[in-house]
Amino acid sequence: MNLYRGLGKFEWGMASIGAGLCLFVMMMITVISVFGRYVLQTDLVPGAYNIIERVVFPLLIFWALPLAHREGVFPKLEILADALPFAARKLLALFVIAIELAIFLLLTWYVGKFAWAGFASARTMQIGSDYYPLWPLLMMVPLAFGLMIIEMIATLIRDGRALARGREDDAANGHAPTG
């Protein structure tokens, strides 16, 4: 589980430091652009909208996704699952995570192909009057999805083990183990 903890720290770094910096950069670009436009009557950050729309905001989203999935902050419909007995609840959770895993494997495959094609063709994007390579941004999407797939596999294993034992794994749910 040391690899899993290491991935958790990496995901935390991507989300807190990487996505936090992206949010700060978005704020600074916006403030500087507005100041330049309305006070100095000039464009201080050429292509500010493109920088935010095509670089900073996607990085913010895809760097935060793996940690959001790990922490379980995605919207869920838990009313039905909470009313079920333990075994049925775990079977439903295993079924849902298996479907989610299949979807994300398919998404990762196609996004990975798209990212590789962008790298191979040296795809660029225009920001202001210059063109910049797009492949570093494109590579972040399969990386984020890959981290989410690892988390889903770990969840499948944890929930499968809990179902096999026939009891809740309190440590996995953040509760202190009971005697």
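This text gives an overview of the structure that appears in the document. The model shown is predicted, which means the values in this text are computed figures rather than measured ones.

Thoughts on the overall build of the protein
And step 1. The secondary structure content of the protein amounts to five helices and two strands.
And step 2. Secondary structure elements of the protein, listed N to C terminal, follow the sequence α-α-α-α-β-β-α.
And step 3. Within the protein, residue pairs in contact and separated by at least 24 positions form 72% of the contacts whose partners lie at least 6 positions apart.
And step 4. Accessible surface for the protein amounts to roughly 11500 Å². Of this, 71% is attributable to carbon and sulfur atoms.

What to know about helix α5 (residues 135–165)
And step 1. Taking 1.5 Å as the rise per residue, α5 with 31 residues should run 45 Å; its terminal C-alpha atoms sit 46 Å apart, in good agreement.
And step 2. In the stretch just after α5, glycine 166 is the one whose phi turns positive, near 80°.

Re the nonpolar core
If you look at soluble globular proteins, the nonpolar side chains tend to sit buried side by side.
And step 1. Core analysis: the largest hydrophobic core is formed by 23 residues, its most contacted members being Cys22, Ile29, Ile51, Val55, Val56, Leu59 and Trp63.
And step 2. For this core, the secondary-structure elements that each account for two or more residues are α1 (2–38), α2 (48–71), β1 (124–127) and α5.
And step 3. For this core, the element with the highest residue contribution is α2, accounting for eight residues.
And step 4. Of all hydrophobic cores here, the second largest spans ten residues; its members include Ile97, Val111, Val141 and Phe145.

Thoughts on the pairing of β1
And step 1. Burial along β1 is one-sided: Met125 and Ile127 are buried, while Thr124 and Gln126, pointing the other way, are not.
And step 2. In this sheet, strand β2 (residues 130–133) lies alongside β1 in antiparallel orientation, the contact comprising four bridges. Bridged to methionine 125 within β2 is tyrosine 132.

Here's the deal with a nonpolar patch on the surface
And step 1. Taken together, the side chains of Phe24, Val25, Met27, Met28, Val31, Ile32, Val34, Phe35, Tyr38, Val39, Leu40 and Leu44 present a nonpolar region at the surface, about 1100 Å² in accessible area.
And step 2. Along the chain, tyrosine 38 falls in helix α1.

Quick look at the environment of glycine 18
And step 1. Secondary-structure assignment places glycine 18 in helix α1.
And step 2. Along the backbone, glycine 18 and phenylalanine 62 are 44 residues apart, and their C-alpha atoms lie at a distance of 10.0 Å.
And step 3. For glycine 18, the contacting residues outside a window of four places in its chain are Gly13 and Trp63.

Quick word on the pattern of salt bridges
Any two side chains of opposite charge can pair, so long as their charged atoms come close to each other.
And step 1. Considering all chains together, one arrives at four salt bridges under this definition.
And step 2. Two residues, arginine 70 and glutamate 11, come together in a salt bridge whose shortest N-O distance is 2.6 Å. Note that arginine 70 is positioned in helix α2 and glutamate 11 in helix α1, a separation of 59 residues in sequence. Of the two residues examined, arginine 70 and glutamate 11, each falls in the buried class.
And step 3. Glutamate 53 is the partner of arginine 54 in a salt bridge, and the nearest nitrogen-oxygen pair spans 3.9 Å.

Description of unusual backbone geometry
And step 1. A positive phi angle is found at glutamine 41, which is not glycine, with a value near 60°.
And step 2. Topologically, glutamine 41 is positioned in the loop between α1 and α2.
And step 3. You can call glutamine 41 exposed: its relative accessible area is 64%.
And step 4. At alanine 122, a residue that is not glycine, the phi angle is positive and equals roughly 55°.

Rules used throughout
Residues numbered from 1 in each chain as written. Predicted model: local features only at pLDDT ≥ 70, side-chain atom pairs only at ≥ 80, totals over all residues. Heavy atoms only, no water. Helix = DSSP H or I, 4+ residues; strand = E, 2+ residues; numbered from the N terminus. Contact = heavy atoms within 4.5 Å. Areas by Shrake-Rupley, 256 points an atom, 1.4 Å probe, with all protein chains shown as cover. Expected span 1.5 Å × (residues − 1). Core = buried A, V, L, I, M, F, W, Y, C linked by side-chain atoms within 4.5 Å. Buried < 20%, exposed > 50% of the residue type's maximum accessible area, 1.4 Å probe, protein only. Pairing = 2+ DSSP bridges. Patch = residues over 30% accessible without salt bridge, like charges linked within 9 Å, V, L, I, M, F, W, Y side chains within 5 Å. Salt bridge = Lys/Arg side-chain N within 4 Å of Asp/Glu carboxyl O.

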